[in-house]
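Structure at a glance
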Amino acid sequence: MTYIHDTILKLQKTSPAQAEFYQAVEEVLDSLRPVLESNEKYQRHAIIERIVEPERQIMFRVPWVDDQGNVQVNKGYRVEFNSALGPYKGGLRFHPSVNASIIKFLGFEQIFKNALTGLPLGGGKGGANFDPKGKSDSEIMRFCQSFMNELYRHIGPTTDVPAGDIGVGAREIGYLFGQYKRLTGNYDGVLTGKSLLWGGSLVRKEATGYGCVYFAQYLLEDKGETLAGKTCLVSGAGNVAIYTIEKLYQLGACPVTCSDSSGTIYHAKGINLETLKELKEVRKVKLNAYLEVHPEAQFIAVNDYPSDGHAVWRISGNLAFPCATQNELTKADAEALIANGCMAISEGANMPSTQNAVEIILKAKIGYGPGKAANAGGVSTSQLEMAQNASMQCWSFEEVDEKLKVIMANIYKSTRDTAVEFGEPHNLVLGANIAGFRKVADAMIEQGIV
Ligand code: NDP
């Protein structure tokens, strides 16, 4: 289709060197083909031209002083992509790889993910090329304060409500909120993922991982299967991976892997969740420390990974849960998973599968929950946190978890029903993109050319 080609060419000129962003746009546009062909209104209102251009992009200097007294400078970002359905909503990522391309791909994906939840949320994303690893608490605090010294002008409970993402957990949200409050004098719900002591919601920490497993559960139910007894491959060892593993155990499955940037743990009798939490949530150390407690497990260092992919996906398992980062599951990985009998993949991370991998997965017609549908439990529970803050209420764990289950069931249903409507029942990429797009695009048309 020429419009895909033309759009990418135009983006390459107006937003150069943003490979991940073009990848996300191309995937969405490719699956919108049937809806664009049958609805000239989207063309008449220049929806594609408008939807790929963020409403606003903020880039800023983040200067801070390290423990040795040296001045450090990082680059901060907030991309307010689309507010047709509600205030901009999306996490902040602190990772050395962060650049404009990564933040824009994440923000673009977030528009459709948030639309799929059925909640009043626009799409945005932000972060900095700051590496929290190895930094002291004081350094993290000074960085977060400096980051907020600029960000506070752009956010607000009804305008833009950031949350966490890679490298931004409860500690960072605490320091960011403290500085926001000091600068504005307002104690309001301007960030989600807050501590339970001061405005956070139960289940927010667990929500992305739990939601990703609920999505897999609904996928399997449609195939007359359950999670019970299934061997599961999980990548990552952070927030999303940990609570994916926790929920898999609760539903009777056996997660046998996890990974971080140093390597992969394979523990055939099942990953020990208590050890994993101790290493990653408390001690914050590399995964090879897992062997100190469980010497029978296997550690595969990154240097020993296959040259064309990731060690996790070369292990035999029934289900796969990519929960670390973008493009961590390659074409060769997808082929290995399928050859080993994997029956479904549910993505906890954002865009973890490369474009070639997605093609292979869709062709094999195994169950596939793309990130923007399968990992939407996090942002949905963020919205539940906003609702509790606005009404000054605190709901119980069970209450929030129940709402999360219902939201994930609705996301699954609308994704699947849309895939069926367009004649490709197994293609939930198409289902998720079209279902999300229609809501945003129709809202944009009703709100005029803005
Ligand atoms: P965390 O920072 O808690 O954990 C990230 C994990 O992935 C860590 O184990 C990290 O290893 C690993 N990782 C990150 N980057 C790389 C890399 N380049 N190569 C290898 N390993 C890597 O982040 P989250 O768990 O919050 O996020 C994971 C994914 O889920 C991301 O794609 C995020 O966008 C997505 N997501 C998160 C949501 C949330 O609510 N937190 C919501 C929806 C999506 P190491 O520590 O060694 O770097």
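Calculation criteria
Residues numbered from 1 in each chain as written. Predicted model: local features only at pLDDT ≥ 70, side-chain atom pairs only at ≥ 80, totals over all residues. Heavy atoms only, no water. Near = heavy atom within 4 Å. Polar contact = N/O pair within 3.5 Å; in protein donor to acceptor, adjacent residues only side chain to side chain. Areas by Shrake-Rupley, 256 points an atom, 1.4 Å probe, with all protein chains shown as cover. Nonpolar A, V, L, I, M, F, W, Y, C, P; charged D, E, K, R; others polar. Core = buried A, V, L, I, M, F, W, Y, C linked by side-chain atoms within 4.5 Å. Buried < 20%, exposed > 50% of the residue type's maximum accessible area, 1.4 Å probe, protein only. Helix = DSSP H or I, 4+ residues; strand = E, 2+ residues; numbered from the N terminus. Contact = heavy atoms within 4.5 Å. 1 Å grid on protein atoms, 1.4 Å probe; cavity = no way out; pocket = protein on both sides within 12 Å on 5 of 7 lines; lining within 4 Å. Points joined across faces, edges and corners; volume = space filled by probe spheres on them. Pairing = 2+ DSSP bridges. Axes fitted to C-alpha atoms, helices over the stretch in contact; angles between N-to-C directions.

Overview of the site of the ligand
Neighbouring the ligand are 24 residues; Lys133, Asp165, Thr208, Ser261 and Asn350 lie closest to it. Interatomic distance of 3.5 Å between a backbone N/O atom of glycine 238 and an oxygen atom of the ligand. Here an oxygen atom of the ligand sits 2.9 Å away from a polar atom, N or O, in the main chain of valine 240. Isolated, the ligand exposes 880 Å² of accessible area, and the fraction of that covered by the protein chains is 81%. Broken down by class, the residue content of the shell around the ligand amounts to 6 nonpolar, 12 polar and 6 charged.

Structural notes on the nonpolar core
If you look at the biggest cluster of nonpolar residues, it comprises 57 residues, and the most contacted ones within it are Phe215, Leu248, Leu276, Phe321 and Ile411. It is helix 8 (residues 204-222) that contributes the most residues to this core, 10 residues altogether. Sequence-distant contacts of isoleucine 411, defined by excluding residues within four places in its chain, comprise Leu116, Thr117, Phe215, Ala373, Ala376 and Ser380. In terms of nonpolar packing, the next biggest core, distinct from the first, is built from 41 residues, Ile4, Ile8, Ala24 and Leu430 among them.

Observations regarding empty space enclosed by the protein
Counting across every chain of the model gives 3 cavities of 30 Å³ or more. Taken together, Glu27, Glu109, Glu347, Met351, Ser353, Val358, Tyr368, Pro370, Gly371 and Lys372 form the lining of the largest cavity. Classifying every residue of the lining of the largest cavity by side-chain character gives 4 nonpolar, 2 polar and 4 charged.

Section: the environment of tyrosine 243
Tracing the backbone through its elements, the reader meets tyrosine 243 in helix 9 (residues 239-250). Distance from tyrosine 243 to tyrosine 210, taken between C-alpha atoms, is 6.0 Å for residues 33 residues apart in sequence. Aside from chain neighbours lying at most four places away, what touches tyrosine 243 is Lys205, Glu206, Gly209, Tyr210, Lys277 and Glu281.

Notes on unusual backbone geometry
Phi is positive for lysine 365, which is not a glycine, with a value near 55°. Examined against the element boundaries, lysine 365 turns out to sit in the loop between helix 13 (355-364) and strand 13 (367-369). The phi dihedral of methionine 392 falls on the positive side, at around 55°, and the residue is not glycine. With respect to the element layout, methionine 392 can be found in the loop between helix 15 (377-391) and helix 16 (397-421). Under the relative-accessibility criterion, methionine 392 is labelled exposed at 78%.

What to know about the sheet that holds strand 4 (residues 123-128)
Strand order across the open sheet formed by 5 strands is 1-2-4-3-5, with mixed pairing between neighbours. Only two strands of the sheet have a single neighbouring strand rather than two, namely strand 1 (56-65) and strand 5 (160-163). Each adjacent strand pair in this sheet contributes to an overall mean axis angle of 20°, direction not counted. Note: strand 2 (residues 71-82) against strand 4, 6 bridges, orientation antiparallel. Within strand 4, the position partnered with glycine 76 by the bridge is alanine 128. Lying over the sheet, helix 6 (residues 137-151) contacts strand 1, strand 2, strand 3 (88-94), strand 4 and strand 5, oriented at roughly 145° with respect to strand 1.

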